[in-house]
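So the chains spell out like this:
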Amino acid sequence: MLTGKHLVAGEWVGSKIRFSSSPAHGPSHEFAIGTPDLVDQACRAAEEAFWSYGYSSREDRARFLNAVADEIEARGDAITEIGTQETGLPEARLQGERGRTTGQLRLFADHILKGEYLDRRHDAALPDRQPLPRPDLRMIQLPVGPVAVFGASNFPLAFSTAGGDTAAALAAGCPVVVKGHSAHPGTGEIVAQAIAAAVETCGIHPGVFSLIQGGKRDVGQALVTHPLIRAVGFTGSLAGGRALFDLCASRPEPIPFFGELGSVNPMFLLPNAVAARGGEIAKGWAGSLTMGAGQFCTNPGIAVVIEGDDGETFANAAAAALQTVDAQTMLTDGIAEAYRTGRDRIAATAGVQELLTSTCDLRNATPYLYRVSGEDWLGNHVLGEEVFGPLGLVVTVGDFQEMQAVARSLQGQLTCTIHMDEADAEKGQALMPILERKAGRILANGFPTGVEVCDAMVHGGPYPASTNFGATSVGTLSIRRFLRPVCFQNMPETLLPKELQ
């Protein structure tokens, strides 16, 4: 049962103004709109919860994370039903994403039990060292305090209410205040109900988690500027993320903003690979480009290929593969409109040639494919801006040197991909130093859609892919965003954190 309310420190709270959801199909529901006052209540409760939760044992936090996963699984059918209605995503996608969400929670539970993330260090005292003695020094990573998380439009589960940011923060020992995304408020509420049930079962301070629904910019601004919030996790648009990043930096006490903002995820097709299997690569690209209506942050929107017969064969094969893809429902009317705007921007750019055009309206998306020369690409940086949807751009370069120039011209990316055969190794080696500076994840002979949640994954990159190139929002390394190192000098053991005693 939906309440249409906010969850603030264990209580379901309404507000005077409400909004109606805009589902792709099925009934619309009304939800309370968040306010700065509700944000203040949630942040104060989170700070109060930190005095117990931030000092709780790893075992207790792991038990809580597993309990949240159990409660989400117990509500699986309800989550799938309303999630498909709100987003238009198919049931199989929602079920898979739910598995990823609960898997992340359980992964972090296992991760903190191992204790390696604490990065404990000890330099024993050297009282006889000359010319000066060395004190006893011990270091450990400790939670930063209450964290704000913004739900993402394109992942109603894995990057939203109980998604990766929330799981990492809770694992670290940080209470969380989530600003739910208005694209899927019902899904967010049911997941919040699961978290509330786990809070009660585990006997945790209820301020450890709050969900504020809807709200305009004032709610987001109130959240990131609240003096009790110590860090922010965000997945969304470049414009929205940059505005919040600037707010975090301009606070009297600035805080880190971990934003994942966008990427075109270019692929570089080396000549021997294109000659041997260009058609196969083109079909794989079409599948990756249109997966989930192209609404993945790792959507590979750019393919760079050397001009010639093999490059032409690749482009034609990609167009043929995309032509068979039916219209798909996008997550929101606004995202659909932004997709059409991006399409028009690309199509109107000088030097751009249409390889596949189609018609899409309302909330539907159909694929588009364009081509541009390397020279025109290098002369117009608007072509390197993300179009969120199933739109591809083939960049045809005159030679490998121009391919390198295209690579150097890129802004920061989440991913870069090389398609190569053994005979392309020398060119691949020449590209790697460039791509290592451009992306957080580099692939060979694959497609970047589909992010494995594990220890070695990096989902982040230089700006504008993310606002902190040293962080990841996927995988166990993401817990480090919500920790800070503290050193204890000549500290009596009775005063040390339990993990250092």
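The model shown is predicted, which means the values in this text are computed figures rather than measured ones.

Caption draft 1: Representation of the overall build of the protein. Along the protein, the regular secondary structure elements total 14 helices and 21 strands. In terms of overall size, the protein behaves like a compact globule, its C-alpha atoms giving a radius of gyration of 24 Å where 501 residues would be expected to give roughly 23 Å. Each principal axis of the C-alpha distribution contributes one length, and for the protein these read about 75 × 70 × 40 Å. For the protein, with 501 residues in total, the buried portion stands at 55%. Relative to all contacts within the protein whose residues are 6 or more apart in sequence, the contacts with residues 24 or more apart total 76%.

Caption draft 2: Highlighting empty space enclosed by the protein. On inspection of all chains with the given rule, the structure shows four cavities of 30 Å³ or more. The space that makes up the largest cavity amounts to roughly 130 Å³. Forming the walls of the largest cavity are 16 residues, and the residues nearest its centre are Val264, Gly301, Glu386, Val387 and Leu391. In the lining of the largest cavity, the residues fall into nine nonpolar, five polar and two charged. Each pocket or cavity is described by its volume, and for the second largest cavity that value is around 90 Å³. Around the second largest cavity sit Phe234, Phe258, Gly259, Glu260, His459, Gly460, Ser466, Asn468, Ala471, Thr472, Ser473 and Arg481, which together line it. The leading source of residues in the lining of the second largest cavity is strand β11 (residues 257–260), at three residues.

Caption draft 3: Summary view of the environment of Leu223. By the secondary structure assignment, Leu223 is in helix α7 (residues 217–225). Residue classification places Leu223 among the buried positions, given a relative accessible area of 2%. For the pair Leu223 and Val147, spaced 76 residues apart in the sequence, the C-alpha separation amounts to 9.5 Å. Residue contacts for Leu223: discarding those within four places in its chain leaves Val39, Cys43, Ala148, Phe150, Val177, Lys179 and Ile229.

Caption draft 4: Summary view of the pairing of strand β8 (residues 176–179). A two-sided burial pattern is seen for β8, the buried positions comprising Val176 and Val178 on one face and Val177 and Lys179 on the other. Two strands pair when backbone bridges link them, and strand β7 (residues 147–150) and β8 are joined in this way by four bridges, in the parallel orientation. Residue pairing for β8: Phe150 is matched across the bridge by Lys179.

Caption draft 5: Region of the structure containing the packing of aromatic side chains. Enumeration over the complete set of coordinates arrives at 14 aromatic pairs. For the pair Tyr53 and Phe64, a centre-to-centre distance of 6.1 Å together with 80 degrees between the ring planes defines the contact as edge-to-face. Taken together, the residues Tyr53 in helix α1 (residues 36–53) and Phe64 in helix α2 (residues 58–74) connect sequence positions eleven residues apart. Taken individually, Tyr53 and Phe64 each receive the classification buried, so the pair is uniform in this respect. Aromatic pair Phe245 and Phe257: ring centres 6.2 Å apart, planes at 70 degrees, arrangement edge-to-face. In this pair, Phe245 is assigned in helix α8 (residues 238–250) and Phe257 in strand β11, connecting sequence segments twelve residues apart. The class of Phe257 is buried, set by a relative accessible area of 3%. The structure contains a cluster of three or more aromatic residues connected by ring pairs, namely Phe150, Phe234, Phe245 and Phe257. Between the NZ or CZ atom of Lys427 and the centre of the ring of Phe400, over which it lies, the distance is 5.7 Å. For the cation-ring pair, Arg481 lies above Phe258, with the distance from its terminal atom to the ring centre recorded as 5.9 Å.

Thresholds, definitions, all that
Residues numbered from 1 in each chain as written. Predicted model: local features only at pLDDT ≥ 70, side-chain atom pairs only at ≥ 80, totals over all residues. Heavy atoms only, no water. Helix = DSSP H or I, 4+ residues; strand = E, 2+ residues; numbered from the N terminus. Rg over C-alpha atoms; globule rule 2.2 N^0.38 Å. Buried < 20%, exposed > 50% of the residue type's maximum accessible area, 1.4 Å probe, protein only. Contact = heavy atoms within 4.5 Å. 1 Å grid on protein atoms, 1.4 Å probe; cavity = no way out; pocket = protein on both sides within 12 Å on 5 of 7 lines; lining within 4 Å. Points joined across faces, edges and corners; volume = space filled by probe spheres on them. Nonpolar A, V, L, I, M, F, W, Y, C, P; charged D, E, K, R; others polar. Pairing = 2+ DSSP bridges. Phe/Tyr/Trp six-rings, centres within 6.5 Å; stacked < 30°, edge-to-face > 60°. Lys NZ or Arg CZ within 6 Å of the ring centre and 35° of its normal.

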